[in-house]
Amino acid sequence: MLARGAGGRSRWLLCLGSLSVALTLGSGGARATEHTEAKADNTEPLWEWSLAGFTRYGAEYPGASENDLDVIPLPFPRYRGRFLRIGEETDNPLRGRLLRRGTLKLDVDFDINFGVDSEDVPERLGMPDLDFLLEVGPELGLGLWSNPAGWELLLNLPLRAAFSFDGLSPGYEGLVVAPELRLNKSLSSTRSDEISFRVTSTFANDGYMNYFYEVPTEFASVTRPAFDASGGYLSTELGITGRKQLGERYEIVGGVKLE
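Residues numbered from 1 in each chain as written. Predicted model: local features only at pLDDT ≥ 70, side-chain atom pairs only at ≥ 80, totals over all residues. Heavy atoms only, no water.

Lay out the pairing of strand β12 (residues 232-246) in plain terms, naming residues and giving numbers.
In this structure, strand β11 (residues 194-204) lies alongside β12, joined through eleven bridges in antiparallel fashion. By the bridge assignment, S201 is partnered in β12 with T236. Two strands pair when backbone bridges link them, and β12 and strand β13 (residues 250-258) are joined in this way by nine bridges, in the antiparallel orientation. Among the inter-strand pairings, G242 is bridged to a residue of β13, identified as G254. (Pairing = 2+ DSSP bridges. Helix = DSSP H or I, 4+ residues; strand = E, 2+ residues; numbered from the N terminus.)

Below you can see the structure in the form of structure tokens.
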């Protein structure tokens, strides 16, 4: 179990929170009439272009005591292809679909950690910056329960490899396992309106932990002793997300999570 940051102080990760909200103004794209296998149902277009504003307020990196506000207004595509899915889920905007067999699914899962300037984090002053981190790997999903009222309980088991990017040169940083229990409630017959509740626990090997928390001897000081992180438990995250359609061209998507 790891509850120690780069500065050598213990921090309970349950005390950290983040907020993310997206407001999307969507324009309908090409209908997938000739791609019936490319979508979950035939009422949705194969692709759309949307204009959205994304806001996130949360820890600079997992376990950091400093928070950061990110505001990103940008156009983005929503694509419902046979394999690649973009923008369908608030928590996982990029996903690859490999297999669907009844209540069993196999996907390619992605996650990211934005780069951090060490000058913005007192515990990391004088240490190298943290680069952009991309995580990718398979995710096994299993439907545990559902009912006619639109409730469904899902178990997702992702295993991701993490790669840091300093320019165009990736570096392998370790493995992450993040089992998730998710409860979804459909709020309309078309399933375009939905609310989700989830609990995710994250575990990582020592390579991943050291990427964030290691203090090499050359960067040690009186207030920041040398530290070699070990693999194990990293965090637990509680999240609520929702999507509401406002007519044919507008929707609001939002989420709140406590880590």
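Give a detailed account of the environment of P122, specifying residues and quantitative values.
As for its placement among the helices and strands, P122 is situated in the loop between β6 (104-113) and β7 (132-146). In this structure the C-alpha to C-alpha distance between P122 and S65, which are 57 residues apart in sequence, comes to 9.4 Å.

Please set out the environment of I240 residue by residue, giving values where relevant.
If you trace the backbone, I240 turns up in strand β12. In the structure, I240 is positioned 45 residues away from I195 in sequence and 7.3 Å away in space, judged by C-alpha atoms. Not counting residues up to four positions away in its chain, the partners in contact with I240 are I195, S196, F197, G254, G255 and V256. (Contact = heavy atoms within 4.5 Å.)

Run through the side chain of D109, naming residues and quoting values.
Mapped onto the fold, D109 is located in strand β6. For D109, a relative accessible area of 2% puts it in the buried group. Here the side chain of D109 touches R160 through a polar contact of 2.8 Å, side chain to side chain. Discounting chain neighbours no more than four positions away, the residues touching D109 are N92, R95, E135, V136, G137, E139, P158 and R160. (Buried < 20%, exposed > 50% of the residue type's maximum accessible area, 1.4 Å probe, protein only. Polar contact = N/O pair within 3.5 Å; in protein donor to acceptor, adjacent residues only side chain to side chain.)

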